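Residue-level structural notes
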Amino acid sequence: MYLLGIDIGTSSVKVSVVDAQTQKCVANAFYPDTEAPIISLKTGWAEQNPDMWWEYLQQALMRANVSGKYNPKDIAAIGIAYQMHGLVAVNKQQLALRNSIIWCDSRAVEYGENAFHSIGEENCLCNLLNSPGNFTAAKLAWVKKNEPETFKQIYKIMLPGDFIAMRLTREITTTPSALSEGVFWNFTKNNISEEVMKYFGFDKNIIPEIKNVFSTHGFLNKEVADKLGLKQGIPVSYKAGDQLNNALSLNVLQPGEVAATAGTSGVIYAVTDKLVYDKQSRINSFVHVNHAKEKRIGVLLCINGAGIMNSWTKKLLGADKSYDQLNKEAANIPAGSDGVFVIPFGNGAERMLNNKLVGASVQNIDLNKHTPTHIYRAAHEGVAYAFRYGLDIMRENNIQPKVIRAGQANMFLSKIFLDAFVNVTNTPIELYKNDGSVGAALGAGIGAKIFAEEKEAFQNMKRIKLVEPKGNNEYDAYYNIWREALLKKYNHSL
């Protein structure tokens, strides 16, 4: 018996097929081979076509199926992970009415800020645990104001994972987790926020049927099953945003447990049983995947400009080299990059900087001393410093990680980044082999009750490496210089 996990990412769609008995991945594939396009018609805008995700999923699954490592007809359940906060709107024919306004789009900041003040800051923070900020509800408000004809045609709105589940099953559902990502969810009433819906003038009928994360969100449609080579009627039994799903894949489910990622964006995600909020909404709280069973809140710090800063630097300075080669060369540069430093915030409005467009920059370059390798190393260190800045905000809100779990992937493959991260944050990192699509497959097993209990899904999970801070932390001085420069840029953006 196998489980299919789907990860709808910003740059690609990945699928993994997992043996339910051993919890081992037997095959995986992704599509496309180059990064998927982001449509940016104006500065700060970011969109993707939802039908593109659907096409990419079909191509990725086809690649996995032809591997011959499993019989596609033996797949028993499907789980979906997806890029968070994106807005998808469909009509009654289940056709997307416009491109999805995705997570790093900044156009709706003003709409969220106005709602924060009008609904009441105390009201929002106590009940929504967040400012409406730049999340899905504010994005929908932008559509209502600027594209009224499109808004009139909306039958249902959803998050990206809800859209893919709809294409698989022809059924439309959502979850408390997804609604909390969009800041539609009232945590104290455990239901849709009447205040948000009333303020923005949204009809409750546009919200799909609400089901728990681990539950049946529909059954695979016959026409789709035939096209994908799968068995008709298998359930989509799990849907979760990518960071919640990453936490699940690392078995981060209980209070005090913390996960991190450093892909396109960087995230620290901590689980608590308290209704935690930051007074400035610089960190955000969402319904965790196992909230229905026990009160579990995920507190998320997001850095939009993380791996994308590293990727941009590579394209600019080392397009003909591999990441591994560049990392090895950068290891020859001393910590602190001989005084050059990078501020990585160039991928939309940063929540931890009060939704300001601070921008990315390379500073303090000495034309006679610094090389492209200095800048490449400084990008790694700059992302680590951004994590420290955000973790300090989490610590202000009584989130005190003793250890952080992360997958050995993306920037966590870099020894330079790892060294800077653990030392500037003074927090150990445990590295595991994990993958978002594998996590989604395990989630499908939990949701379909193929696993008798959650812990059964992680019985074979083993730590690869523990990286601990050094006693003498040389990064503190470099971080303080970086932080001072950041605050100058931040104040200039006000």
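The structure contained in this document is the topic of the report that follows. All values derive from a computational prediction rather than experimental measurement.

1. Focus: the sheet that holds strand β2 (residues 13–19)
- Spatially, the five strands line up as an open sheet ordered β3-β2-β1-β5-β13, and their pairing is mixed. Each having just a single partner strand, β3 (25–31) and β13 (236–241) make up the two edges of the open sheet. Recorded for the sheet is a direction-independent mean angle of 15° between the axes of neighbouring strands.
- Both β2 and β3 contribute to a ladder of six bridges, which runs antiparallel. What sits directly across from Ser 16, in β3, is Asn 28.
- With respect to the sheet, helix α1 (residues 50–65) is in contact with β1 (2–8), β2 and β3, its orientation differing from that of β3 by roughly 140°.

2. Details of the environment of Ala 406
- Examined against the element boundaries, Ala 406 turns out to sit in strand β20 (residues 404–407).
- Taking the C-alpha atoms as reference points, Ala 406 and Ser 131, separated by 275 residues in sequence, lie 28 Å from one another.
- Contacts of Ala 406, omitting those with residues within four sequence positions, involve Leu 250, Ala 260, Phe 412, Glu 430, Leu 431 and Tyr 432.

3. Quick word on the layout of surface pockets
- Its volume calculated, the second largest pocket comes out at about 480 Å³.
- Along its surface, the second largest pocket is lined by 20 residues, and Gln 23, Lys 24, Lys 433, Asn 434 and Val 438 are the ones closest to its centre.
- Where the lining of the second largest pocket is concerned, the elements lending two or more residues are β2, β3 and α15 (436–447).
- Considering every element that reaches the lining of the second largest pocket, the biggest residue donor is α15, with three residues.
- Residue classes in the lining of the second largest pocket are distributed as eight nonpolar, seven polar and five charged.

4. Things to note about the packing of helix α12 (residues 323–330) against helix α13 (residues 372–396)
- Closest axis-to-axis distance for the α12/α13 pair is 9 Å, and the angle between their directions is 100°. Relative to α13, the element α12 lies roughly perpendicular. Residues Tyr 323, Leu 326, Asn 327, Glu 329 and Ala 330 of α12 form the contact with α13, whose own contacting residues are Thr 373, Tyr 376, Arg 377 and His 380.
- Per-class residue counts for the contact of α12 with α13 are four nonpolar, three polar and two charged.

5. Some thoughts on the pattern of salt bridges
- Under the definition given, this model contains 26 salt bridges.
- Lys 274 is the partner of Asp 273 in a salt bridge, and the nearest nitrogen-oxygen pair spans 3.1 Å.
- The residue Glu 329 makes a salt bridge to Lys 321 at a minimum N-O spacing of 3.1 Å.
- With a relative accessible area of 24%, Glu 329 lands in the partly exposed category.

6. Comments concerning empty space enclosed by the protein
- Under the counting rule described, the total for this entry stands at two cavities of 30 Å³ or more.
- Estimates place the volume of the largest cavity at around 70 Å³.
- Around the largest cavity, the lining residues are His 85, Trp 103, Asn 134, Phe 135, Lys 139, Asn 304, Ala 349, Arg 351 and Asn 355.
- Split by residue class, the lining of the largest cavity holds three nonpolar, four polar and two charged.
- Approximately 50 Å³ is the volume attributed to the second largest cavity.
- Looking at the second largest cavity, the residues that line it are Leu 87, Thr 136, Ile 157, Met 158, Leu 159, Asp 162, Thr 174, Leu 179, Phe 184, Ile 207 and Pro 208.
- Grouping the amino acids of the lining of the second largest cavity by side-chain chemistry returns eight nonpolar, two polar and one charged.

Criteria and cut-off values
Residues numbered from 1 in each chain as written. Predicted model: local features only at pLDDT ≥ 70, side-chain atom pairs only at ≥ 80, totals over all residues. Heavy atoms only, no water. Pairing = 2+ DSSP bridges. Helix = DSSP H or I, 4+ residues; strand = E, 2+ residues; numbered from the N terminus. Axes fitted to C-alpha atoms, helices over the stretch in contact; angles between N-to-C directions. Contact = heavy atoms within 4.5 Å. 1 Å grid on protein atoms, 1.4 Å probe; cavity = no way out; pocket = protein on both sides within 12 Å on 5 of 7 lines; lining within 4 Å. Points joined across faces, edges and corners; volume = space filled by probe spheres on them. Nonpolar A, V, L, I, M, F, W, Y, C, P; charged D, E, K, R; others polar. Parallel < 35°, antiparallel > 145°, perpendicular 65-115°, else oblique. Salt bridge = Lys/Arg side-chain N within 4 Å of Asp/Glu carboxyl O. Buried < 20%, exposed > 50% of the residue type's maximum accessible area, 1.4 Å probe, protein only.

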